[in-house]
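# Descriptive structure summary
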Number of protein chains: 2
Amino acid sequence: MKRFKIRFLPIDIVYTAEEGENLLDFAMSAGININASCGGFGTCGRCRLKLIEGNIEYRGQRESSGSETDKKEDIILACQSYIKGDAIIEIPIESQIDKEALREKIKTKVLSARYDILSLNTIKPNPIVFKKLINIKLATCEGMDDLSSVIGAIKKEIHKKDIKVRLHALQTLPSTIRDANGVITVTLFDTGHYWELIKIESGDTTKRQYAIALDLGTTTICGRLIDITEKEKDGPRILEELSDYNAQISYGDDVITRIMHTKKKGGLKRLHDAVVKTTNSIMEELIGASGIKKEDIMFIVAAGNTTMTHLFLGVEPTYIMIEPYTPCFLSPPVVRAYDIGINLSRETPIFSFPCVSSYVGGDIVSGIVGSGLNKKDGVNLFIDIGTNGEIVLTGPDWMLCASCSAGPAFEGGGIKCGMRAAKGAIEQIRIDPVTFEPTVLTIGHIKPAGICGSGLIDGIAEMFLSGIILQNGKINRDLGSKRIRQTEGVYEYVICYGKDTLTGKDIVITESDLDNLMRAKAAMFAGCKVLVDVSGIGLDDIDKIIIAGGFGHFIDPFKAQIIGLFPELPVEKFSFIGNASLHGATLCALSKTYAQEAQRVAQMMTNIELSNNKAFMDEFIAAMFLPHTNERLFPNVIKKIKNSIGDKSV
Amino acid sequence: MKRFKIRFLPIDIVYTAEEGENLLDFAMSAGININASCGGFGTCGRCRLKLIEGNIEYRGQRESSGSETDKKEDIILACQSYIKGDAIIEIPIESQIDKEALREKIKTKVLSARYDILSLNTIKPNPIVFKKLINIKLATCEGMDDLSSVIGAIKKEIHKKDIKVRLHALQTLPSTIRDANGVITVTLFDTGHYWELIKIESGDTTKRQYAIALDLGTTTICGRLIDITEKEKDGPRILEELSDYNAQISYGDDVITRIMHTKKKGGLKRLHDAVVKTTNSIMEELIGASGIKKEDIMFIVAAGNTTMTHLFLGVEPTYIMIEPYTPCFLSPPVVRAYDIGINLSRETPIFSFPCVSSYVGGDIVSGIVGSGLNKKDGVNLFIDIGTNGEIVLTGPDWMLCASCSAGPAFEGGGIKCGMRAAKGAIEQIRIDPVTFEPTVLTIGHIKPAGICGSGLIDGIAEMFLSGIILQNGKINRDLGSKRIRQTEGVYEYVICYGKDTLTGKDIVITESDLDNLMRAKAAMFAGCKVLVDVSGIGLDDIDKIIIAGGFGHFIDPFKAQIIGLFPELPVEKFSFIGNASLHGATLCALSKTYAQEAQRVAQMMTNIELSNNKAFMDEFIAAMFLPHTNERLFPNVIKKIKNSIGDKSV
């Protein structure tokens, strides 16, 4: 990936963009306020920037909507522009409002890129299921059997472990080894107690060793196809990566609704079938896209929350939702593809991550391994924001974890115009603190259809900064903006009028939405606070905050601090690592060292149950304020707010 | 079983019969020559005996066929009479011919009954898959999972072994233990490396523990349903026993034909499906007859020859028939019911016996364990006569074994009027040495349809004793009996004329039949001789000869010595133990001590390959004579023959 320097005038700040990045995305993520009411679709023509010099590629609508004057003056629509080289761009005067935010943003962006996630190419593969090339001699006298010849050769050439053969490998062994001309490839699975001989192939197939890593999310399932061979040069490890909505969505948004569905007749089977169906279709696509053969996939490593792991294995999750929240298992057994209907060779082992409790699952264990926090010095905070919010505080020889029932607000649930992070979802909002006019950017740059979680955080932080929302989470009735209005007795702020939206209806943020988001952010913050208090340290002692989750990397940490979702800490302490769970599963697929590490992490974690925890309830209530009732926890945010709205809020 | 004394007059010999025994069977097995050309069907009315006193029950045709005179004189038809108490019976004068044979016969019968097969009731059950009652406490606080509660309880109450759970047991664990009121029954499988938790049931089900023992014969499959619970009193261990023809019969009589069939498209699957189908139907019947529940069957122990074990597991057997006769495996893996289509709970383990070589299989290993020879002092010879003939010579710390390609003659194959040991098969023949008139007894006492293997041995021995056959195995052309004739250039002896047979065709023994039987008996004897020679002992040093095989117990050892099938040894050294393989499987199901013993036996056995063995070929040719070219090996038989036919054979 090439990187280019983009210099913004007149503020004169330079920073680095990746080749092909959209200019509107880039500018907005840098905190530059650009009007774009069509969400990036190219129709409103308001996201105008001036190209002083450089290599920018225009796509889509630009030719038709840009006026002749614009062309002459090198005015470009940011939403239709893609970075192809270094460039100097002038920002219109009305967009120069938030230098400070811009600087914070850049710092974060640069720093988070520096957080060193383990590079996959530095890892020497040592997978739990592996292929070995074996020289085999056919029996030349009576009294020998083929299996003993194969096992003898393995013991002689590799290791004197006990070896047990799986029936499927045995069934065609005789013809396979006779087709082989003296060289066979055996697939072995180190069960810990003995080696299992899963497969025998003629000739050398050791160059074809692949695994699938899965992140089984409540909402989304992500899959990776990984090359687990030893490579002389650095070759690509991740051949393909894909994600799709979990087909279980039809049976409820959150794990509790899903668990309730399993109590209906055939419900457990329906949910099991749904997640397996999604997994199979993702694998089918991964395999199809890569051109490898399905039979060369040797195993699966799956990370899911506790409920998802139960449903993936077809295990009753009922008591996860009933006090004292008892899952059926924490350490899942290794199963085979055919045990659960996974569409691979029947004996293919499927490993699931161990869970810590009913609400801190294998995805978090995997996330910790993926983040490398299990090997990091100091005290670090890991936050995974998905459908649920899980947090882990890691110390030198301890780990505390908790799950905060953040509710579905971060995924757009319970929000009037909420939607998932899909095409047309508003994911960034800027509000002019003078005119209260918003600028929005949607996923996919199409007309807005609703607001996703990160858009909501962004929007509410902007509303708070611009004085539209008060510290108690209520809308300021006294601003006199047309966009603030009352509908059926509830105050709301209009982000997009129906004429600009995909649905034709107004997109708004209501006081009820605010209330839901307040609960969600308060739960997350209270959870962090309780863990920190239990550990006996202070918030300031945290060395790093690692934000994981497919959702996490859309969140602006500065905005998240403004609403009090994350503790106020220097922005350079924050790192965004994306889907750490999928990364952890990838590491465990590559080497059993990581798989063993995952077991250790799961055992090491102490779960702090928050659901009936007095300290948590107190912290939760204290956090039901913007940014928090205790202003001393957010001195910089308070200062910023005072600067921003100080004059108006009297 | 009650026993009664039957006194035969005028020879005045008393011996013991079992209640309900058929009088014709009983008399013929005692060597009493009774005319019965209808095979025991009750129509010919020739098997007349006089009941002097005693309790005999008449069934079937007797009332209609017996004449008024007969009734008055208490003449009964033996084939319609069943022993119900002590009795005195007068044998018609024409039946008093063979006192010596009678005495030999009685001796054998009494002695063989004395051979002490391990009584199942003396065994303390210690099966490899077992149930245990566990007290279980549900989690009362957070952080516990159900599986850990169960495993913790098992480790606390039974043993601190590693325990792994099977997915199927896990899937419904939560509701099962909550239905249980604190008491659950766990089914555990001791894999050697760890304990596997296969099943969890509510309440106490430890009284319901059953296993299936299988003898997978090439021709016949036998199954037993065994109660493996610990019993305070001696209860029945074998609840049901059933056998059926192996459905593979449609694809060939012997293992070689079956192996050739596997090379056809879909052939292996067809053969695998056939044996599984027969097994499933036998199990279905066993379960149905006993009234137990299918899910209480905890495992299967299967003993089969090497080819049958391959086909049962769906493994390519191809190279078993190609020099150097290499089977795919000797130690079969433990598989699960669903791996091979066995119609029991999916995780049910299926254990197959280890094999020794391509032609000495798990059935022989099982037979040795079943016979107890592995624990016996001295030198003993084990002979299993089925579709193939396998022999094992056991010493104090060694075992030699071999397989003799006896050919299918003993199962009625390659014999003009040969048939399997089914209803209507002639299984006993007596020939009057004066008139050359035969008496026959069929299985099921119906009209004769053909001759089975034991009938053939019986008939040929009788033909030899009566001078119809010469020592070179040819029919004596000079006797002048109508029953000796030439058909299409081949000499033959007519046993039954068409008017008395089921098919309406004559039943004969031809010189080709004699040739086939000569080869079969010569192979068996030569095999024994080679093993004895290899071991460095003499035939006389053999302490016991154990004849096993479903077929074995129909053979008259005295007759078998006359034709030279068995070595000439005092009749009290012979024991008939029936299906030793099934008995061995039963022992292994009851206790893993025997299963471990089977492993030891398989490893201890040295296979002597006979197929290209010079010594065997020499012994084989020497044995192609009645009883043998070396008369010193059969001094008593020679004496007997000289007595019997001395006058005529000059």
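Anyway, here's the lowdown on the structure attached to this text.

Another aspect to go through is the relation of the copies chain A and chain B. Superposition record for chain A on chain B: RMSD 0.2 Å, screw rotation 180°, translation along axis 0.1 Å. Look at the turn and shift together and you get a two-fold axis relating the two. Minimal C-alpha separation from the rotation axis in chain A is found for His 193 of chain A, amounting to 3.1 Å.

All names here are of chain B. Burial along strand S1 (residues 3–9) is one-sided: the residues Phe 4, Ile 6 and Phe 8 are buried and none of Arg 3, Lys 5, Arg 7 and Leu 9 is. As judged from the four bridges shared by S1 and strand S5 (residues 81–90), these two strands associate in the parallel manner. Paired with Arg 7 across the bridge in S5 is Ile 88.

As a further point, take helix H18 (residues 614–622) of chain B. All names here are of chain B. Of the positions making up H18, those classed as buried are Phe 616, Glu 619, Phe 620 and Ala 622. One side of H18 carries all its buried residues, which in axial view fall inside an arc of 165°. Exposed side of H18, more than 90 degrees from the buried face: Lys 614 and Ile 621 are the residues found there. At its buried positions, H18 is contacted by helix H14 (511–535). Where H18 begins, the side chain of Asn 613 points an oxygen toward the backbone nitrogen of Ala 615, at a separation of 3.0 Å.

Let us now look at the interface of chain A and chain B. The interface is formed by 44 residues belonging to chain A together with 44 residues belonging to chain B. Summed over both partners, the interface of chain A with chain B buries about 3900 Å², with 56% contributed by carbon and sulfur atoms. Three residues, Glu 142, Leu 167 and His 193 of chain A, lead the burial of chain A against chain B; their summed loss comes to 16% of the area buried on that side. Taken together, the links from chain A to chain B amount to two salt bridges. At the boundary of chain A and chain B, one finds 21 residue pairs in polar contact (both at pLDDT 80 or more). Of all the elements in the fold, those that place two or more residues in the side of chain A that touches chain B are helix H5 (146–157), strand S7 (163–165), helix H6 (167–171), helix H7 (173–178) and helix H11 (337–340) of chain A. For the side of chain A that touches chain B, the element with the highest residue contribution is H7 of chain A, accounting for four residues. In terms of residue class, the side of chain A that touches chain B is built from 23 nonpolar, 11 polar and 10 charged.

Opposite charge on two side chains lets them pair, provided their charged atoms get close. All names here are of chain A. A full pass over the atoms with the stated rule returns 64 salt bridges over all chains. Among the salt bridges present, the one from Arg 430 reaches Asp 458, with a minimum N-O distance of 2.6 Å. Taken together, the residues span a long stretch of sequence, with Arg 430 in strand S19 (residues 425–431) and Asp 458 in helix H13 (residues 453–465) at a distance of 28 residues. Taking the relative accessible area as the measure of exposure, Asp 458 reaches 3% and is therefore buried.

On to the environment of Cys 496 of chain B, then. As for its placement among the helices and strands, Cys 496 of chain B is situated in strand S23 (residues 490–496). Separated by 17 residues in the primary sequence, Cys 496 of chain B and Asp 513 of chain B have C-alpha atoms spaced 16 Å apart.

Moving on, we come to helix H8 (residues 255–262) of chain B. Residues and elements named next belong to chain B. Within the span of H8, buried status applies to Val 255, Arg 258, Ile 259, His 261 and Thr 262. Seen along its axis, H8 keeps its buried residues to an arc of 155°; they face one direction. One side-chain oxygen of the residue at the start of H8 lies 3.2 Å from the amide nitrogen of Ile 256, identifying that residue as Asp 254.

So, on to the sheet that holds S5 of chain B. All names here are of chain B. As summarised here, the arrangement of the five strands in space is S2-S1-S5-S3-S4, forming an open sheet in which the pairing is mixed. Strand pairing shows two members of the sheet lacking a second neighbour, strand S2 (13–18) and strand S4 (75–77), which therefore form its edges. When the angles between neighbouring strand axes are averaged without regard to direction, this sheet yields 45°.

Before going further, it helps to spend a moment on the pairing of strand S22 (residues 484–487) of chain B. Here is the key point about a regular strand: its side chains alternate between the two faces of the sheet. Residues and elements named next belong to chain B. Strand direction decides the pairing type here: S22 and S23, joined by four bridges, are antiparallel. From the neighbouring strand, Gln 486 faces S23, where its bridge partner is Tyr 491. Linking S22 to S23, which pair antiparallel, is a turn of two residues; within it Glu 488 sits at a positive phi near 50°.

All names here are of chain B. Running from N to C, helix H9 (residues 267–290) and helix H10 (residues 306–313) cross one another at 90°; their axes reach a closest spacing of 7 Å. One way to sum up the angle between H9 and H10 is to call them roughly perpendicular. On H10, the residues that touch Leu 268, Leu 271, His 272, Val 275, Val 276 and Thr 279 of H9 are Met 308, Leu 311, Phe 312 and Leu 313. In the contact of H9 with H10, the residues fall into eight nonpolar, two polar and no charged.

Analysis parameters
Residues numbered from 1 in each chain as written. Chains lettered and ligands numbered in written order. Predicted model: local features only at pLDDT ≥ 70, side-chain atom pairs only at ≥ 80, totals over all residues. Heavy atoms only, no water. Least-squares fit on C-alpha atoms with pLDDT ≥ 70 in both. Buried < 20%, exposed > 50% of the residue type's maximum accessible area, 1.4 Å probe, protein only. Helix = DSSP H or I, 4+ residues; strand = E, 2+ residues; numbered from the N terminus. Pairing = 2+ DSSP bridges. Arc of directions from axis to C-beta. Contact = heavy atoms within 4.5 Å. Polar contact = N/O pair within 3.5 Å; in protein donor to acceptor, adjacent residues only side chain to side chain. Buried area = accessible area lost by both parts, 1.4 Å probe. Salt bridge = Lys/Arg side-chain N within 4 Å of Asp/Glu carboxyl O. Nonpolar A, V, L, I, M, F, W, Y, C, P; charged D, E, K, R; others polar. Axes fitted to C-alpha atoms, helices over the stretch in contact; angles between N-to-C directions. Parallel < 35°, antiparallel > 145°, perpendicular 65-115°, else oblique.

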